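# Chain and residue survey
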Amino acid sequence: MNRDSLALLHSKYNPEAEADRYIASLDIEAHTPYLILIEPGLGYMIPPLRKKAIHAKIIALHAAACPQSSPADAVWYPGMEKTLQNFLEDEIPQGEAKDIRMIEWRPALGLFERNYLYLIEETSTFIKRSDANARTIKSFGPRWFKNFFANLDIITLLVKPRLLDAPLIICGSGPSLEDAALRINKEHLDRGSFILAASSAVMALDYRNISPHMVISSDGGGWAKLHLYEYLRGNHPCPLAAAMTAQLPSQCSGVPILPLGDGSLWQTLILGSLGLPHMQLPQRGTVTATALDLAFALSNDSIYIAGMDLGSHDIKTHTRPYSFDRLLDETSNRFSPFYSQGFHRSTQLKEGGSYAIYASWFEKQLHSYPRPIYSLGRNNRVFEKTPRESSLGMKGRGEAAKDLSFDIIKQKEEKLSEKALAVLSSALSMPSHTEILRKELGELLFYGQSCPSADVLAQYCGDLIFSRRKAHG
């Protein structure tokens, strides 16, 4: 972007006054915390914005190379190492869509039409996804928090992960897994490939005589147990990689677990203080994305994906057999037959829009992964841009099967949840941690309300300790 082109964005005579008039015409509340500016040029509108929203974080998104200096708090422009989506994720905490205001500098549209519209589209996509995450947090936040401590008491065996020198195949539970499973069985198992399966895919894989080497679960809802019950039916279940906020049945106490933290301060402090081997993976909102993060952390070889449809095939919402199908079968009758319920479920998923949101996110995220991802079968169209399997796609082709096991550690301590809650209560009184913990836990436990004090949160932890003691007799 040169000075001549920038001159077209602003008044030649008094750009400051032009910007003042424009900002004065906008209805911007004083307490607005985040302002995203679409191609603000030389940033003349930023000073008047700071007067209107004193505490706002101002983020400038440029359609071309930005000026050498910018008065904005954070700046993105094409050519940066970070994608725009990753940049916005880093600058704006998860779930704060309601606090974001997007402001356009419309003269830039005529100069940077395509790039300008791209910035608007990407920002809108981010806000929609953030809003979806916010609704989820509001519904499940307290449950996730309680799941975390309940899971600490479930763990008796811990997985100590290591880097594998073997191809890794991630199996989602989309309808296309049925076809991809034939290839996995025929072409991949004898090559020493590591199978990482979503818990919702276990039933379909077992039906096709494919035994995963690890299962991953990140869902905090009670329905997630239905998938894990299928996983537990085996005599010797493989290791389970579980988000500490996931809903785990008590029967998981007998299986090796790899705890997954989300990188938040409260989880990091607890897992670190307890000395539990674990992995820190960002919370993505879908097990598909978490599985990809885990795959790159576990293997330095090729990564394959299967069953990642992020959509329905007619009335087929998932691979068959599928844990939820039993619920539909049990409730079906002549007024509500099985296929009618399947059609209704498919329609609901399409209207919900979550598939489209995550597909859009993956489309932007794929090229930022450290290595190529190879597609097996008919995954979502956004994955069609990934390379198909080739002779370069599998280092272990023709080699003997490798050691795909992990070290298992026995957990000796009891009542880890009480110790963890004590750690958190203590951290709330530390000046270096108080404000961050108030923000994290306030959003999780009291979403949409004013940020609670450290004393309120400490009391919440104390009440949870008491309730857990009472439940255990």
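In short, a report on the structure. Because the structure is a prediction, the values reported are computed rather than measured. (Residues numbered from 1 in each chain as written. Predicted model: local features only at pLDDT ≥ 70, side-chain atom pairs only at ≥ 80, totals over all residues. Heavy atoms only, no water.)

## Re the overall build of the protein chain
Counting its regular elements, the protein chain contains 17 helices and 14 strands. In the protein chain, once contacts between residues fewer than 6 apart in sequence are set aside, the share between residues at least 24 apart is 70%. When the accessible surface of the protein chain is totalled, it reaches about 22,400 Å², and 52% of it is carbon and sulfur. (Helix = DSSP H or I, 4+ residues; strand = E, 2+ residues; numbered from the N terminus. Contact = heavy atoms within 4.5 Å. Areas by Shrake-Rupley, 256 points an atom, 1.4 Å probe, with all protein chains shown as cover.)

## Remarks on the environment of Thr 32
With respect to the helices and strands, Thr 32 occurs in the loop between helix H2 (15-24) and strand E1 (34-38). With 69 residues separating them in the primary sequence, Thr 32 and Arg 101 have C-alpha atoms 7.5 Å apart. With residues up to four places along the chain from it excluded, the contact list for Thr 32 reads Ala 53, Ala 56, Asp 99 and Arg 101. Here the side chain of Thr 32 touches Glu 29 through a polar contact of 2.9 Å, landing on its backbone oxygen. (Polar contact = N/O pair within 3.5 Å; in protein donor to acceptor, adjacent residues only side chain to side chain.)

## Structural notes on the packing of aromatic side chains
Counting across every chain of the model gives 13 aromatic pairs. Between Phe 296 and Tyr 369 the ring centres are 5.3 Å apart and the planes differ by 20°, which places this aromatic pair in the stacked class. You can see Phe 296 sitting in helix H11 (residues 287-298) and its partner Tyr 369 sitting in the loop between helix H14 (354-365) and strand E13 (373-375), a full 73 residues away along the chain. A relative accessible area of 12% places Phe 296 in the buried class. Judged by centre distance (5.9 Å) and plane angle (80°), the ring pair of Phe 446 and Tyr 460 falls under edge-to-face. (Phe/Tyr/Trp six-rings, centres within 6.5 Å; stacked < 30°, edge-to-face > 60°. Buried < 20%, exposed > 50% of the residue type's maximum accessible area, 1.4 Å probe, protein only.)

## Regarding helix H16 (residues 431-445)
The terminal C-alpha atoms of H16 lie 21 Å apart, and with 15 residues this matches the ideal 21 Å at 1.5 Å per residue to within 8%. At Leu 437, H16 shows its largest bend, some 30°. Within the sequence span of H16, burial applies to His 433, Thr 434, Leu 437, Arg 438, Leu 441, Gly 442, Leu 444 and Leu 445. (Expected span 1.5 Å × (residues − 1). Bend = angle between axes of the 7 residues up to and from the residue.)

## Brief notes about the pairing of E1
Summarising burial for E1: five of the five residues are buried, a large majority. Neither face of E1 is left uncovered, since the one carrying Tyr 34, Ile 36 and Ile 38 and the one carrying Leu 35 and Leu 37 both have all their residues buried. Summarising the sheet, E1 and strand E2 (residues 57-61) pair through five bridges and their orientation is parallel. By the bridge assignment for E2, Leu 35 is matched with Ile 58. In this fold, the crossover linking E1 to E2 by way of helix H3 (residues 46-52) has right-handed handedness. Sheet analysis places E1 next to strand E4 (residues 100-104), joined by five bridges and oriented parallel. Across the sheet, Ile 36 pairs through a bridge with Met 102, a residue of E4. (Pairing = 2+ DSSP bridges. Right-handed = clockwise from strand over helix to strand, strands pointing away.)

## Here's the deal with the nonpolar core
Soluble, globular proteins show a tendency: their nonpolar side chains are buried together. Residues Phe 145, Phe 149, Leu 152 and Trp 266 are the most contacted members of the largest nonpolar core, which totals 49 residues. Secondary structure elements with two or more residues in this core: helix H6 (113-154), helix H9 (224-232), strand E9 (240-243), helix H10 (265-274), helix H15 (416-428), H16 and helix H17 (454-471). The element that contributes the greatest number of residues to this core is H6, accounting for nine residues. Ranked by size, the runner-up nonpolar core spans 37 residues in total, among them Tyr 34, Leu 35, Ile 46 and Leu 88. (Core = buried A, V, L, I, M, F, W, Y, C linked by side-chain atoms within 4.5 Å.)

## Some details on the sheet that holds strand E3 (residues 74-76)
Read from one edge to the other, the open sheet built from four strands follows the order E3-E2-E1-E4, with strand pairing classed as parallel. Each edge of the open sheet carries a strand with a single partner, namely E3 and E4. Direction aside, neighbouring strands of the sheet carry axes that sit 20° apart on average. Lying over the sheet, helix H4 (residues 84-91) contacts E1, E2 and E3, oriented at roughly 175° with respect to E2. (Axes fitted to C-alpha atoms, helices over the stretch in contact; angles between N-to-C directions.)

## Overview of the environment of Asn 151
With respect to the helices and strands, the residue Asn 151 is situated in helix H6. Considering only alpha carbons, one finds Asn 151 and Gln 247, 96 residues apart in sequence, at a separation of 8.0 Å. Look past the residues within four positions of Asn 151 in its chain and what remains in contact with it is Ala 243, Met 244, Thr 245, Ala 246 and Leu 248.

## Some words on the pairing of strand E5 (residues 157-160)
Regular strands have side chains that alternate between both faces of the sheet. When E5 meets strand E10 (residues 256-261), the two strands line up parallel, connected through two bridges. What sits directly across from Leu 157, in E10, is Pro 256. Pairing geometry for E5 and strand E14 (residues 407-410), over four bridges, is antiparallel. Pairing of Leu 158 across the sheet is with Ile 409, part of E14.

## What to know about the pattern of salt bridges
Pairing is possible between side chains that carry opposite charge, provided their charged atoms lie close to one another. Under the counting rule described, the total for this entry stands at 10 salt bridges. Two residues, Arg 378 and Asp 179, come together in a salt bridge whose shortest N-O distance is 3.4 Å. With a gap of 199 residues between them, Arg 378 in the loop between E13 and E14 and Asp 179 in helix H7 (residues 177-188) connect regions that are remote in the sequence. Residue Arg 378 is classed as partly exposed on the basis of its relative accessible area of 46%. By relative accessible area, which is 44% here, Asp 179 ends up partly exposed. Residues Glu 443 and Lys 439 are paired through a salt bridge, measuring 3.4 Å at the closest nitrogen-oxygen approach. (Salt bridge = Lys/Arg side-chain N within 4 Å of Asp/Glu carboxyl O.)

## Quick word on unusual backbone geometry
Following Arg 320, the chain continues into Pro 321 via a peptide bond in cis, with omega recorded as -10°. Within the element layout of this structure, Pro 321 appears in the loop between strand E12 (303-306) and helix H12 (325-331). Phi at Glu 39 takes a positive value of approximately 45°, unusual for a residue other than glycine. Position of Glu 39 relative to the elements: it lies in the loop between E1 and H3. The phi torsion at Asn 209 lies on the positive side, around 60°, for a residue other than glycine. Mapping Asn 209 onto the fold places it in the loop between helix H8 (202-207) and strand E8 (214-217).

Keep in mind these values describe shape, not function.
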